[in-house]
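Survey of secondary and tertiary structure
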Amino acid sequence: MNYKQKKRIQDSANMVKNVRDLCSNMENISNEYSKDLESFFSAFVKNFTNIPDSLKKDIDPNMSSALVLSDSKLSEKEEESQETKNSDTNPSSDIKRPEKSKKPIKIEIKQLYRKVMQKCHPDRTINDKNISEADKVLFAYVLDVAMAAYKNSSTSDLIYAAALVDIYPQKTSMKSCLNQLNKMYADRSKKIETVQSSLAWAWGINWDTLETRFKIVIVMCGNNGVTPPSKVDVLKFLVDFETA
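A brief look at the structure comes next. Just so it is clear, the structure is predicted and the values come from calculations on it, not from any experiment.

Some words on the packing of aromatic side chains
Ring pairs (aromatic) are described by centroid distance and by the angle formed between their planes. Using the criterion set out here, one finds ten aromatic pairs in the structure. Of note, R213 hangs over the ring of W203, and the distance from its end group to the ring centre comes to 3.7 Å. The side chain of K231 reaches across the aromatic face of F214, ending 5.1 Å from its centre.

Some thoughts on unusual backbone geometry
A positive phi angle, near 55 degrees, is found at S153, a position not held by glycine. Among the secondary structure elements, S153 is positioned in the loop between helix 5 (133-151) and helix 6 (155-164).

Here's the deal with the environment of T209
Within the secondary structure layout, T209 lies in the loop between helix 8 (199-205) and helix 9 (210-224). A distance of 3.4 Å separates the side chain of T209 from the side chain of D208, its partner in a polar contact.

A closer look at the side chain of N206
Relative to the helices and strands, N206 is located in the loop between helix 8 and helix 9. Those residues in contact with N206 that sit more than four places away from it in its chain are T212 and R213.

Basis of the calculations
- Residues numbered from 1 in each chain as written.
- Predicted model: local features only at pLDDT ≥ 70, side-chain atom pairs only at ≥ 80, totals over all residues.
- Heavy atoms only, no water.
- Phe/Tyr/Trp six-rings, centres within 6.5 Å; stacked < 30°, edge-to-face > 60°.
- Lys NZ or Arg CZ within 6 Å of the ring centre and 35° of its normal.
- Helix = DSSP H or I, 4+ residues; strand = E, 2+ residues; numbered from the N terminus.
- Polar contact = N/O pair within 3.5 Å; in protein donor to acceptor, adjacent residues only side chain to side chain.
- Contact = heavy atoms within 4.5 Å.

Shown next, in the form of structure tokens:
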């Protein structure tokens, strides 16, 4: 590959990393919003009803926020994705070898993995004064992704990880690399849209919009078989909960 081809691949890999990081952060925030919504509704039910716990339905704060403004049916819960976790900022040198791959891996991909290991392993970088701390953090992240990719025989993840540190496959075409990276970007973008369309997200970002939160409460009541009190009482409880 020439310089321009490598640059396109690395730029795409950086975009994938950005969207992966954003998706991970949003999922973490959404989890906090879910806990807050569950805490609110638990207190709400306790305050306004005497429904036995055995008769209450499970609270699903990840349902589609379309329910807030429409009568559409519940969207199915998306399966939780297993996010590749970032390594510690101070990687230790006692990194274990990844478990044997479940599927056969092409020789070229094995070579790509070895190159990543040679460049990013802390044994080779920890005492190198020419490598900045920021690069060491990146190397630790790339190493983590590459090891998981090797274990799972994920060619696309390995191409992604390698490109972040300016390593590229010898025989896989630029077009093939870009197609795989573009798919990764599209998949993560779709997950972000799912998070943004969830009821928990609508609850969290509308902390100062009582009318929207009132509608969310009504949806939650309907989903749990709870008869809501008057709007005035709901709004007062919302204000008291937020300022408590």
